[in-house]
Amino acid sequence: MRKAILLIVVLLGCQMQAQFKVKVNSKLITEATVLKAEDIKKIEVSFDKPKKLSYYGTGRLYFWVDFIGEKDEIIESYYITKDGSNAVESFLSEVNTFYTLPSDLDKNTWFQDQDIIRGGTGINYKLMYFGKNYGYKTVKFRVCLGFRDKTGYQKYGDLVNLVKTQTYTIDNSTLYTEGQKLKAEEKIAQDAKDAEKAKADEEAKKQADAEAKKGKGKKLIKNVLGW
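Here is what the cut-offs are and how they apply
Residues numbered from 1 in each chain as written. Predicted model: local features only at pLDDT ≥ 70, side-chain atom pairs only at ≥ 80, totals over all residues. Heavy atoms only, no water. Helix = DSSP H or I, 4+ residues; strand = E, 2+ residues; numbered from the N terminus. Contact = heavy atoms within 4.5 Å. Salt bridge = Lys/Arg side-chain N within 4 Å of Asp/Glu carboxyl O. Buried < 20%, exposed > 50% of the residue type's maximum accessible area, 1.4 Å probe, protein only. Pairing = 2+ DSSP bridges. Arc of directions from axis to C-beta. Phe/Tyr/Trp six-rings, centres within 6.5 Å; stacked < 30°, edge-to-face > 60°.

*Asks:* Sorry, what's going on with the overall build of the protein chain here?
*Replies:* A count of helices and strands for the protein chain gives 4 helices and 12 strands. Taking the contacts inside the protein chain whose residues are at least 6 apart along the sequence as the reference set, 70% of them involve residues at least 24 apart.

Okay, here's the thing in structure tokens:
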């Protein structure tokens, strides 16, 4: 009986903790789930019960997803940011609201990609962290929510995590194999194209040299004849 009560208490405690929720193809998953990259059509993320700070002021809220390679390097990052107390508190009150990561299938997204954050133009709508674009058999993605207090002009303090970061695993081996094969085929095609261009350039050079030599011969004859 005591064990049953303890289990219920533990489960209730887990439910009350701040957490992220992730849907893949509209189905909730856990951190223990290993996703097949080729099956992923849509990824949605939400948060619940975030830590409440006493003061948000003019700081900035960050809700973001990182896609991570096998050497722990960040491949892609997608962000939602909110500035100022009212905007931050309003966003945090919308718990269990799912936000869709950008993809070709669903361009309706709040997220911006890292290129926009860095001053680039346009959102990359493809799920680029799979297939030939990255040489990884395993890709992880982590979901984060945090706040930085403003300390000066375009300066912010240390990040305070409002929900404990959660990390999920993607098996990219099938698309990796297909992608490497496609890259090899593209390289062969490009090498053939480069060889054809080199051959054409060499022929053009030979022709130009022959024309130049012919021109020098004509000039030499004119000089000898005094024309």
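*Asks:* Would you mind going over the pattern of salt bridges with me for this structure?
*Replies:* Opposite charge on two side chains makes pairing possible when the charged atoms of those side chains draw close. All chains considered together, the criterion is met by 7 salt bridges. Where Asp66 meets Arg142, a salt bridge forms, and the shortest distance between an N and an O atom there is 3.1 Å. A residue pair is termed long-range when its members are at least 10 positions apart, and Asp66 in strand β5 (residues 60-68) and Arg142 in strand β9 (residues 138-148) qualify at 76 residues. The exposure class of Arg142 is partly exposed, given its relative accessible area of 27%.

*Asks:* Help me out: how do you make sense of the environment of Thr33 in this one?
*Replies:* For Thr33, the location among the structural elements is in the loop between β2 (27-29) and β3 (34-36). Assessed through its relative accessible area of 27%, Thr33 is described here as partly exposed. Note: C-alpha distance between Thr33 and Tyr168 (135 residues apart in sequence) is 7.2 Å.

*Asks:* Before we go on, may I ask you to explain the sheet that holds β2 in this structure?
*Replies:* The strands that make up a sheet pair up through hydrogen bonds in the backbone, lying either parallel or antiparallel. Read from one edge of the open sheet, 4 strands run β2-β1-β4-β7, paired in antiparallel fashion. The open sheet has two edge strands, β2 and β7 (99-100), and neither has a second partner. Where strand β1 (residues 19-24) lies against strand β4 (residues 43-48), 6 bridges are found, and the strand directions are antiparallel. Along β4, the bridge assignment pairs Val22 with Val45.

*Asks:* Mind showing me how you'd approach helix α2 (residues 85-93) here?
*Replies:* All buried positions along α2 are accounted for by Val88, Phe91 and Leu92. Across the axial projection of α2, the buried residues extend over an arc of 95°, all falling on one side. On its buried face, α2 is in contact with β4, β5, β6 (74-83), β7, β9 and β12 (160-171).

*Asks:* Please explain unusual backbone geometry as it appears in this structure.
*Replies:* Outside of glycine, negative phi angles account for most residues, and trans bonds account for most peptide bonds. For Ser26, which is not glycine, the phi dihedral falls at a positive 75°. Residue position: Ser26 is located in the loop between β1 and β2. Even without being a glycine, Asp72 presents a positive backbone phi close to 65°.

*Asks:* Can you help me understand the packing of aromatic side chains in this one?
*Replies:* In this description, an aromatic ring pair is defined by two values, namely the gap between the centres and the angle between the planes. For the structure shown, the criterion picks out 11 aromatic pairs. Relative to Phe147, the ring of Tyr56 lies with its centre 5.2 Å away and its plane at 85°, an arrangement referred to as edge-to-face. Remark: Phe147 occurs in strand β9 and Tyr56 occurs in the loop between β4 and β5; sequence separation between them is 91 residues. No difference in accessibility class separates Tyr56 from Phe147, as the two residues are buried. Their ring planes at 75° and their centres at 5.9 Å tell us that Phe63 and Tyr99 sit as a pair that is edge-to-face. Taken together, the residues Phe63 in strand β5 and Tyr99 in strand β7 connect sequence positions 36 residues apart. Here the two residues Phe63 and Tyr99 agree in accessibility, since each one is buried. What links up through ring pairs into an aromatic cluster is the set Phe20, Phe47, Phe63, Phe91 and Tyr99.

*Asks:* For this particular structure, what's the right way to read the pairing of β9?
*Replies:* Working note: regular strand, side chains alternate between the two faces of the sheet. The pairing of β5 with β9 spans 9 bridges and is classified as antiparallel. From the neighbouring strand, Asp66 faces β9, where its bridge partner is Arg142. One ladder, built from 9 bridges, connects β9 with β12; its direction is antiparallel. Residue pairing in the sheet places Lys140 in a bridge with Thr169 of β12.

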